[in-house]
Amino acid sequence: MPFSKLGLSPALLKAISFQKYERAYPIQEVVIPAVLEKKDVLGIAKTGSGKTASYVLPLLVNLENVAATKNRHVKALIVVPTRELAIQVREVFQLFSSQLEHPIKTMAVYGGVSINPQMKAMMGVNILIATPGRLLELVESNAVHLSEIETLVLDEADKMLNLGFKEEMDRIFKLLPQKRQNLLFSATLSEDISGITEILLRNPVVLKIEEETEDLERINQLGYFVSEEKKGPLLRYLIKHNNMKQVLVFTSSTHKADMVTEKLCKNGIDAMAMHSKKSQETRERALNNFKRGNIRVLVATDLISRGIDIEFLPHVINYELPRSPKDYIHRIGRTGRAESSGEAISLITPEEAHHFKIIQKKMGKWVTMIDAESLEF
Ligand code: AMP
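Report follows, based on the coordinates. Just so it is clear, the model here is predicted, and its values are computed rather than measured.

## Focus: the packing of helix 14 (residues 325-332) against helix 15 (residues 353-363)
Running from N to C, helix 14 and helix 15 cross one another at 75°; their axes reach a closest spacing of 9 Å. Overall, the two elements helix 14 and helix 15 adopt an arrangement that is roughly perpendicular. On the side of helix 14, the interface is formed by P325, Y328, I329 and I332, while helix 15 contributes F356, I359, K362 and M363. The class makeup of the residues in the contact of helix 14 with helix 15 is seven nonpolar, no polar and one charged.

As structure tokens, this is what we get:
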């Protein structure tokens, strides 16, 4: 469906056309009109479905009249599980607010960085994107007030619960006015999520985007049987031999991520590591360099993989397998997004072979395997 039929303003339609979005994704067709009508929404959809724009665009319409307020009462609150997602959501808000007549001030706040600059910059913010812990700290220091919130968005609510933010979320709910709009997005509908939706949502518009199978169809999956010692040389061979320009490599530990990165760099392949032990600044720098094509390889662990949103990422390589099949699907889903195709390669040692079989069985898809011994590298 064209965006012009969804009730958005001309300024937003112009910003959308700058992004070269040709038509609305299914989630956007449903969520945009619902948010404009101030309805509650329950969206079961994962990253890659277009869910961010589905709430960002209508919120900008709904909030255009509140722009330029000069106090610490934010009007819309987006709660997210990770700093990376906070930054990305803010970027989407900025992207689309560029053409608005009255600027809307957005800000992303998260822990792991100094709180003082965030406290100072909070004045006049209309839309706040926050991780739960830092949000509560800011409320406690009176840097922000939540009593005038018109819309609450919980993005990646399942991840928030997985990371143990339930208690913080409950505390946040208590700070909000009774009358408000609630939008909840989650990749899955677990029992815990149902518990939250029951207390939070009033007669919501519910939609479920079953994208995983479609996404998997777009991903060309390959596996290589290889010994542990030869994983490094094989990785470098694959990158060089196939002339891969932008590769996301997954390891299961931060230590391994650092090791792989170091080896790649030593062999003339520009790489950076991004994991929970790196400082926030380093993580942001790595992601930005990777997105801009300044480095060829980003080596990451699972914890932060949710936050990595890159359009047209062509290659994902599992240097090591994740523990759960769900994480495997999530990892390879970083490629083949936004309706483009991609390639996912897994390096499998004899010890990992059985586990990889289980993953394939759960995924319902068998991956073509190549014996690395047959290659000359
Ligand atoms: P999300 O699910 O919000 O993480 O979005 C996934 C990706 O799809 C992002 O890179 C967006 O820029 C892109 N995207 C979202 N909506 C559209 C659309 N209607 N047309 C083309 N790309 C889109």
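## A word on the side chain of T82
If you trace the backbone, T82 turns up in the loop between strand 2 (76-79) and helix 4 (83-97). The exposure class assigned to T82 is buried, which follows from its relative accessible area of 10%.

## A word on the environment of I295
Mapping I295 onto the fold places it in the loop between helix 13 (280-292) and strand 11 (297-300). Between the C-alpha atoms of I295 and V247, which are 48 residues apart in sequence, the distance is 9.3 Å.

## Considering the sheet that holds strand 9 (residues 247-250)
What the seven strands build is an open sheet, ordered 10-11-9-12-13-8-14; its pairing is parallel. Where the open sheet ends on each side, the last strands, each with one partner, are strand 10 (271-274) and strand 14 (368-371). Neighbour to neighbour, the strand axes of the sheet diverge by 20° on average, direction disregarded. In this structure, strand 9 lies alongside strand 11, joined through four bridges in parallel fashion. Across the sheet, the residue bridging to L248 is L298, located in strand 11. Taken strand by strand, helix 12 (residues 254-266) contacts strand 10 and strand 11, and its axis lies near 170° from that of strand 10.

## Let's talk about the sheet that holds strand 2
The strand order across the open sheet formed by seven strands is 3-4-2-5-6-1-7, and the pairing between neighbours is parallel. Edge strands, defined here as strands with exactly one partner in the open sheet, are strand 3 (106-109) and strand 7 (205-208). With strand direction ignored, the average angle separating the axes of adjacent strands in the sheet is 10°. Those strands touched by helix 4 are strand 2, strand 3 and strand 4 (127-130), and its axis lies near 175° from that of strand 3.

## Here we look at the pattern of salt bridges
Taken as a whole and assessed by the stated rule, the structure comprises 15 salt bridges. Residues D170 and K166 are paired through a salt bridge, measuring 2.9 Å at the closest nitrogen-oxygen approach. Of this pair, D170 and K166 both sit in helix 8 (residues 166-175), four residues apart, roughly one helical turn. When its relative accessible area of 25% is taken as the criterion, D170 is described as partly exposed. Across the pair D258 and K278 runs a salt bridge, and its minimum N-O distance is 3.5 Å. One end of the pair, D258, is in helix 12; the other, K278, is in the loop between strand 10 and helix 13, with 20 residues separating them in the sequence. Residue class for D258 comes out partly exposed when judged on its relative accessible area of 31%.

So, how was this worked out
- Residues numbered from 1 in each chain as written.
- Predicted model: local features only at pLDDT ≥ 70, side-chain atom pairs only at ≥ 80, totals over all residues.
- Heavy atoms only, no water.
- Axes fitted to C-alpha atoms, helices over the stretch in contact; angles between N-to-C directions.
- Helix = DSSP H or I, 4+ residues; strand = E, 2+ residues; numbered from the N terminus.
- Parallel < 35°, antiparallel > 145°, perpendicular 65-115°, else oblique.
- Contact = heavy atoms within 4.5 Å.
- Nonpolar A, V, L, I, M, F, W, Y, C, P; charged D, E, K, R; others polar.
- Buried < 20%, exposed > 50% of the residue type's maximum accessible area, 1.4 Å probe, protein only.
- Pairing = 2+ DSSP bridges.
- Salt bridge = Lys/Arg side-chain N within 4 Å of Asp/Glu carboxyl O.

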